[in-house]
Amino acid sequence: MKNHLIRRTVSTGARNLFRRDGPTALAARVFPHVAQLKSMSRDGGQREEHCAGTRIPCLTGFFTPLRKKFRAPAVLPSLQLFFAVLGFFPMSAQLMAQVAIQGEMVYTMAGEPIRDGVVLIKGAKIEAVGPSATTKIPDGYRVLKAKIVTPGLIDAHTVVGLSGLLNQTQDQEQLEKSAAIQPELRAIDSYNGRDPLVDWVRGLGVTTLHTGHAPGALVSGQTMIVKTYPPNVEQAVIRPEAMVAATLGPGAVSDKKDKPPGTSSKAVAMLRVELIKTSEYVQKRSKTDPEKKASRDLRLEVLARVLDGSQPLLVTVHRHQDILAALRLAAEFKLRLVLDGVSDAPLVLDEIKKSVFPVIIHPTMFRASQETENLSFETAAKLKKAGLLFALQSGFESYVPKTRVVLFEAAGAAANGLSFNEALASITIDAAKLLGISERVGSLEAGKDGDVALYDGEPFEYTTHCVGVVVSGVVTDTQPR
Amino acid sequence: MRAVTSENQRADFPPATRGFDEPSFTAEHKSVLLAVILFAGFFPIDLRAQEQPLAFTGVQIIPISGDPIDQGVFVVHRGKIITVGPRGTATPAGATVRDVSGKVLMPGLVDTHSHIGGISGGDPSSPIQPELRVLDSIDVRDASIQKAQAGGITTANIMHGSGLLMSGQTLYLKLRDGNVIEDLIITNKDGRIAGGMKMANGTNPRRDPPFPGTRAKSAALVREKFVAAQEYHDKAARANGDPEKLPARDLGLEAVVEVLDGKRVVQHHTHRHDDILTVLRLQKEFGFRVVLHHVSEGWKVADEIAAAKVPCSIIVLDSPGGKLEARDVDWKTGAVLEKAGVLVGFHTDDSVTDSRLFLRSAAFAVRAGMTRAGALKGLTLAGAIMLDLQDRIGSLEPGKDADFILLSGDPLSVYSHVLETWIDGKKVFDRSDEKDRLWATGGHGAGNPRQTPLCCFGTWEDMR
């Protein structure tokens, strides 16, 4: 593969930053700002699409601000604009009343925790955060109280909403097995925001999901970033096309003998072939002569974004040899990876660290068998010690799925070597940085989304209850769970 | 040897209300326990390891049979518990004394439903196979057994899966470090190997013929088998020892007769409220002793379960669902059943949940309203009762087996770790030992069976 075949764009620059900088700089730069994205090279150029139910153009790019996703009467376009500027959902006025959350301890994840703190939320956004002595609650605010207050939790990788609570054929949309490589499948086209599993995880404090197509096919589709409220995906989505989900190693191997890949090497070879095809497609797409210009190919269009670095390849990989295969592939095609799973990560820490790719670690309590047989409760602690940027996930287990609540996975990590703050960061601010959404979520700071979780005790303790959840300023849950 | 019972044992099949004995922990009871000590000869225990008494002092003791003791004294000798007392209780002369202040000591955990040991899910050739013994398929070197030790589990009921209506004879194992399966078995006073009978209803056993296609068919097939066993039993009884009149041996019916006689407890997988009631209906008809397992919708029929005096072993998962029948599984099940007066225990169903996280199940039950004492009993003594082993294990009392765990803190806290696991006075897990620690935390090599053929990874010198 010749590098010059890859189109150099603004986002290529971002990719280089991603590759050269350490984790901290990386965190800020993993995802280019929306302004950069506008100029990002994409087949068909920047497209304007309309948000469902509105005539407002929605950017379907990487970073589509939530405020552009509102639903409003089409007869009042100027009012829509007004609301859009405020970042306001015209949902239920009652639910959207101003909210004040008082916590005996408020973990803002932006500095030291605040004893006897207050979080004020106005509309969808946080208005102020501070000690109760200096942060007065204005009249008319609905007051919620809790022992411990944290930012709304972020599940850095899940299938919730595609994989439903029942785990029955009719509610499982996370894996399409008809072909090995199907990056054109979009999570947003199958996300069910009304599945009871979305309610379940939200009731335990989870407000943001990076969800989508599951491991289990070489390239299974795309992921999306979405809030756990409101149920309408168009309103809840943060990024409709977040990453392209790939699997290497035994997890990519087809269960049918006549259907490749049959081995791990074949999986890598197939992906290489496809990426080379993509670079040729990119070249042909750039031709101005309509006779020579390639016609649109949805699949290669997505892989082109992987090639130019504007959409990371989320590679689920567990064994050490497969982790190295993923890094080899990334080096060959200059890909931006997010490593996912990585049960054997402690065996190849130096290589992962050198790559500067962020890691979404397997759920702490993931089943250890076959390719995950060597996973450890202490993987997170080992990665932390090595100075890697990582987040935790609930992941996906097909048989009697149990790792569905990222709060519990972080609890397991906290009990096995991570400090309380580190574990909480892995499902709040660190996850937000890794996903490139830290401008919106992940910490309690004025101007960020009003996403808050309330607990009646230490959140990781088994016997503590989540007693309240606020998503984008809406009090969604108050029943202790 | 024919396993059918003799005439004088027969009388009638046990009444439906015959349940499970809960120890009362009176002085009289303790004398019974003393009698049990006399049966120590039945246990395949290596006593050499503990010629000297071993005393733990300064430790918080959770005996289960009584209130917790702060800074207590706990002494074991020759595989048995000899002292459970408050601070200042004398330790025997010559005892090795360990000050474990700040730690917590409680009975070894009893997992009433597990699939560790590398066993198969069940034989798929037919739906009712009581003649199958899980005994014949356990790999004592499987890593899952070491992991269960690391989770503080000292006794486990190992069973085939729920894909059959009756998938075979289960095995109550002490998770000793054994070389062969016989090192781990528990022998009952009558000489039989301790174990139950695994049964299941609901959707799991529903398949193409010869498996049932509906719930009613499932019940009918099971009833037919029990009726056949009754007749087999009666025929044997009428033969009165005459070899000419005895029925031809039938391994399956022999095992079901043990069930009808109450010698072998049915360990019954069941989720939905109507399936639970079906089990109770069949139990009433045939009088077998039964423990309900999973009981996802048990909270809907708690009073009926309580009235039938049937214990429940429940599973705790992170969310409802995962399968259609578990749609309404709820953390409150333990609390609701406890309140209704049902004996409640827990299980891992390993590998459905991880044996190393067994304590977590009880903690989640407490989260949803179960009493702390009830939940801790559910991990220990309740399980022992469900396995008919309450005279030997499940609580810390003089005369009982020295099966206990040492914890770094509150058993219901996520931050607590099992530091040591002891069975029959022998330490089988020690978190401070690097090799043992691997089983507790996972990591490279933790997936391999104990004592692999390649004894020493990475040291080629040793392999020459």
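Residues numbered from 1 in each chain as written. Chains lettered and ligands numbered in written order. Predicted model: local features only at pLDDT ≥ 70, side-chain atom pairs only at ≥ 80, totals over all residues. Heavy atoms only, no water.

S.K.: Teacher, can you tell me more about the overall build of chain B here?
M.R.: Helices and strands together make up the secondary structure of chain B, namely 13 helices and 17 strands. In chain B, once contacts between residues fewer than 6 apart in sequence are set aside, the share between residues at least 24 apart is 71%. Summed over all atoms, the accessible surface of chain B reaches about 17900 Å², with 52% contributed by carbon and sulfur. (Helix = DSSP H or I, 4+ residues; strand = E, 2+ residues; numbered from the N terminus. Contact = heavy atoms within 4.5 Å. Areas by Shrake-Rupley, 256 points an atom, 1.4 Å probe, with all protein chains shown as cover.)

S.K.: It is not clear to me how the pairing of strand 13 (residues 337-341) of chain A should be interpreted in this structure. Could you clarify?
M.R.: As a general feature of sheets, a regular strand has side chains that alternate between the two faces. Residue and element names in this part refer to chain A. Of all the five residues making up strand 13, five are buried; the element is thus mostly covered by neighbouring parts of the structure. Sheet topology places strand 12 (residues 313-317) next to strand 13; five bridges connect them, and they run parallel. For L313, the partnering residue across the bridge sits in strand 13 and is L337. Looking at chain direction, strand 13 and strand 14 (residues 359-361) are connected through three bridges and run parallel. Across the sheet, G341 pairs through a bridge with I361, a residue of strand 14. (Buried < 20%, exposed > 50% of the residue type's maximum accessible area, 1.4 Å probe, protein only. Pairing = 2+ DSSP bridges.)

S.K.: Which parts of the structure should I look at to understand the interface of chain B and chain A?
M.R.: You'll often see interface size given as the accessible area lost when the parts meet. Across the boundary between the two partners, chain B contributes 38 residues, which contact 39 residues of chain A. When the buried area of chain B at its contact with chain A is split by residue, R367(B), V414(B) and Y415(B) rank highest and sum to 22% of it. Here chain B and chain A share one salt bridge between them. The residue E378(A) makes a salt bridge to R437(B) at a minimum N-O spacing of 2.8 Å. Our enumeration of links across chain B and chain A arrives at 24 residue pairs in polar contact (both at pLDDT 80 or more). When residues of the side of chain B that touches chain A are traced back to their parent elements, those giving at least two are helix 9 (358-367) and helix 12 (434-441) of chain B. Element by element, the count of residues in the side of chain B that touches chain A is highest for helix 9 of chain B, at five residues. The residue inventory of the side of chain B that touches chain A, partitioned by class, reads 14 nonpolar, 14 polar and 10 charged. (Buried area = accessible area lost by both parts, 1.4 Å probe. Salt bridge = Lys/Arg side-chain N within 4 Å of Asp/Glu carboxyl O. Polar contact = N/O pair within 3.5 Å; in protein donor to acceptor, adjacent residues only side chain to side chain. Nonpolar A, V, L, I, M, F, W, Y, C, P; charged D, E, K, R; others polar.)

S.K.: Explain the sheet that holds strand 6 (residues 109-114) of chain B to me, please; I cannot follow it from the model alone.
M.R.: Through backbone hydrogen bonds, the strands of a sheet pair up, either in parallel or in antiparallel fashion. All names here are of chain B. With mixed pairing, three strands are arranged side by side in an open sheet as 6-7-9. Because the sheet does not close on itself, it has two edges, and the strands there are strand 6 and strand 9 (171-174). Averaged over all adjacent pairs, the angle separating strand axes in this sheet is 20 degrees, with direction ignored. When strand 7 (residues 153-158) meets strand 9, the two strands line up antiparallel, connected through four bridges. (Axes fitted to C-alpha atoms, helices over the stretch in contact; angles between N-to-C directions.)

S.K.: I'm lost on the pattern of salt bridges in this one. Help?
M.R.: As a working rule, side chains carrying opposite charge can pair if their charged atoms are close by. Residues and elements named next belong to chain B. One pass over the structure, following the stated rule, counts 45 salt bridges over all chains. With a closest N to O distance of 2.6 Å, D328 and K300 form a salt bridge. Taken as a pair, D328 in the loop between strand 13 (312-314) and helix 8 (333-340) and K300 in the loop between strand 12 (290-294) and helix 7 (302-307) lie far apart in primary sequence, 28 residues in all. Of the charged contacts in the structure, one is a salt bridge between R356 and D354, with a shortest N-O distance of 2.9 Å.

S.K.: Help me out: how do you make sense of unusual backbone geometry in this one?
M.R.: The general pattern is negative phi for most residues beyond glycine and trans for most peptide bonds. All names here are of chain A. Note that the residue after Y229, namely P230, is joined by a cis bond; omega there is 0 degrees. The residue after P260, namely P261, is reached through a cis peptide bond having omega 0 degrees. Position of P261 relative to the elements: it lies in the loop between strand 11 (244-247) and helix 7 (264-285). In this model, D116 sits at a positive phi of 50 degrees, which is unusual for a non-glycine residue. Relative to the elements of secondary structure, D116 occurs in strand 4 (residues 114-122).

S.K.: How should I be thinking about the side chain of T353(B) in this particular structure?
M.R.: The topology assignment puts T353(B) in the loop between strand 14 (344-346) and helix 9. Take T353(B): its relative accessible area is 12%, and that puts it in the buried class. Polar side-chain contacts of T353(B) include one of 2.6 Å to the backbone oxygen of T348(B). Those residues within four positions of T353(B) in sequence are excluded, and the remaining contacts are K402(A), I315(B), V316(B), L317(B), H347(B) and T348(B).

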